Amino acid sequence: MALDLAHRLLAYRFNMTYVPVPIVPEFIDMLKVLYTKEEAWIAALMPPAFASAKTIARLGRKDPAVVERTLQDMVKKRLLMEYTDQGVQKFTLPPFVPGVAEFQLMTGEITPELFEFTKKFHDAFNAKQNVFLEKLSEMGSSFGRVVPVNESVSSTQHVLPYEDARSIIKNAKTFSISHCYCRMAKDVLNEKSCKAPRDICMSFDFAAEFLIRNEIGTEADRDTMLRKLDLAEKHNLVHVTDNAQSGFSFMCHCCGCCCGFLTSLSVYNLKPPLVMSSWIIEWDEDKCDHCGKCTRACQLGALSWVNKNTLYNEERCIGCGVCVDVCPNDALRLVPRKDWEEPSPTYG
């Protein structure tokens, strides 16, 4: 019972982060794999902001030496984030998704414990009665935002810097590359997955510094990041970054077969926890020769090929522009989406 209580309290603590998670049995089972009883108690006591071990020990009325040791163990297990402020190390509990869950496989390392966690996480996202994903969708969390492929937007259209993947990279100062959790999970579970690259998950500035410091990511330079971006576009991947205008921490390059959030729409017809880009596809049927190239590139099934004819479902279009990039006849173009709300200046 005590073990269940500790992990249930931790589940509620994760719900206080800027990306809330549904408190369902599937989620608590995942926490039991990752956190010991003592770790769960201490993590559940952590304040929302970064705090020192001394502060956390005082809040929990626990031995500071025990708290310090437990916090360091959790950092090594990639369950917390940390940084040093004026000589004092401080800790915080990041969101579970994106955050703790992804950290587990971003190194490319596999252990029996990670296999067990990955299996539970994967099952929660792929259950026929998908309570976890349904609840996540109902909560309306929108931590990520789709960024269109740069070449897909006409040169006559004005693109804001926060809608341009290359501008986001060029404006960052520190970079790291990690393994894509979603594709790694498929590999771990020996499931069929796509041929998209694994080491292509990007982090910037504060997040990159944390990942590099804790050997979760590999330090990279700006040119490497831009080459990785080109590689992602070669594989028709969807760029997803923070739902903000500045202070970017990550950029994922997602596929419709492995990415848990894209499959929430493509497989389960649920609202993904992502904001669509400010663009949407306009299809000129007169120019279309129904070659099928766009339908093979589309990660969400917005464009489909039925009886050798192209069909367009506007409701599934997230405005990534991947299809525009492969169309040989200029039958597709991105146009501004109506009633689109600008993201907040920063997120999280």
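Computed from a prediction, not measured in an experiment: that's the story for all the values here.

(A) Spatial organisation of the pairing of strand β13 (residues 309-312). In this sheet, β13 lies alongside strand β12 (residues 303-306) in antiparallel orientation, the contact comprising four bridges. When the sheet's bridge partners are listed, W305 is paired in β13 with T310.

(B) Local environment of unusual backbone geometry. In the segment running from V97 into P98, the intervening peptide bond is cis, with an omega of -5°. By the element assignment, P98 lies in helix α6 (residues 96-103). Positive phi, close to 55°, is recorded for N190, a residue that is not glycine. Along the chain, N190 turns up in the loop between α10 (181-188) and β6 (201-204). One non-glycine residue, K308, lies in the positive phi region at around 65°. Within the secondary structure, K308 is located in the loop between β12 and β13. By relative accessible area, which is 65% here, K308 ends up exposed.

(C) How the structure looks around the pattern of salt bridges. Inspection of every chain in the model, using the stated rule, returns eleven salt bridges. Among the salt bridges present, the one from K62 reaches E38, with a minimum N-O distance of 3.7 Å. Here E38 lies in helix α3 (residues 37-45) and K62 lies in the loop between α4 (53-60) and α5 (64-76), a separation of 24 residues in the sequence. Given a relative accessible area of 28%, K62 falls into the partly exposed group. E191 serves as the salt-bridge partner of K186, at 3.6 Å between the closest nitrogen and oxygen. Judged by relative accessible area, E191 falls into the partly exposed class, the value being 31%. A single network of salt bridges, built from pairs that share partners, joins R166, D230 and E233.

(D) Geometry of the nonpolar core. Residues L10, F14, Y35, L71, F96 and F117 are the most contacted members of the largest nonpolar core, which totals 77 residues. Leaving out residues up to four positions away in the same chain, F14 has contacts with V19, P20, F27, L31, Y35, L93, P94, P95, F96 and V100. Within the second largest apolar cluster, 16 residues are counted, among which are V147, I169, F204 and M225.

(E) Broad picture of the packing of aromatic side chains. A full pass over the atoms with the stated rule returns 13 aromatic pairs. Relative to F206, the ring of Y83 lies with its centre 5.7 Å away and its plane at 70°, an arrangement referred to as edge-to-face. Of this pair, Y83 sits in strand β2 (residues 81-85) while F206 sits in helix α11 (residues 205-213), and the two are 123 residues apart along the sequence. Judged by its relative accessible area of 24%, Y83 is partly exposed. Both rings, one in F121 and one in Y181, keep their centres 5.4 Å apart while their planes meet at 90°; by these two values the pair is edge-to-face. Pair noted here: F121 is in helix α7 (residues 112-126) and Y181 is in helix α10, with a separation of 60 residues, a long-range link. Overall, the relative accessible area of 6% leaves Y181 in the buried class. Feature note: the residues F14, F27, Y35, F96, F117, F121 and Y181 constitute an aromatic cluster, connected by ring pairs.

(F) Structural detail: the pairing of β2. As paired elements, β2 and strand β3 (residues 88-92) share five bridges and run antiparallel to each other. Across the sheet, Y83 pairs through a bridge with K90, a residue of β3. Between β2 and β3, which pair antiparallel one after the other, the connecting turn spans two residues, and Q86 there sits at a positive phi close to 50°.

(G) Summary view of the sheet that holds β3. The sheet built from three strands is open, its strands ordered β1-β3-β2 with antiparallel pairing. With one partner strand each, in any of the chains shown, β1 (51-52) and β2 form the two edges of the open sheet. Relative to β3, β1 is paired through two bridges, and the arrangement is antiparallel. Bridge pairing in β3 places S52 opposite K90.

(H) Region of the structure containing the environment of R316. Checked against the element boundaries, R316 lands in the loop between β13 and α15 (322-326). Given a relative accessible area of 15%, R316 falls into the buried group. Note: C-alpha distance between R316 and L300 (16 residues apart in sequence) is 6.4 Å.

Rules of the game
Residues numbered from 1 in each chain as written. Predicted model: local features only at pLDDT ≥ 70, side-chain atom pairs only at ≥ 80, totals over all residues. Heavy atoms only, no water. Pairing = 2+ DSSP bridges. Helix = DSSP H or I, 4+ residues; strand = E, 2+ residues; numbered from the N terminus. Buried < 20%, exposed > 50% of the residue type's maximum accessible area, 1.4 Å probe, protein only. Salt bridge = Lys/Arg side-chain N within 4 Å of Asp/Glu carboxyl O. Core = buried A, V, L, I, M, F, W, Y, C linked by side-chain atoms within 4.5 Å. Contact = heavy atoms within 4.5 Å. Phe/Tyr/Trp six-rings, centres within 6.5 Å; stacked < 30°, edge-to-face > 60°.

Any link to function would need more than the numbers given here.
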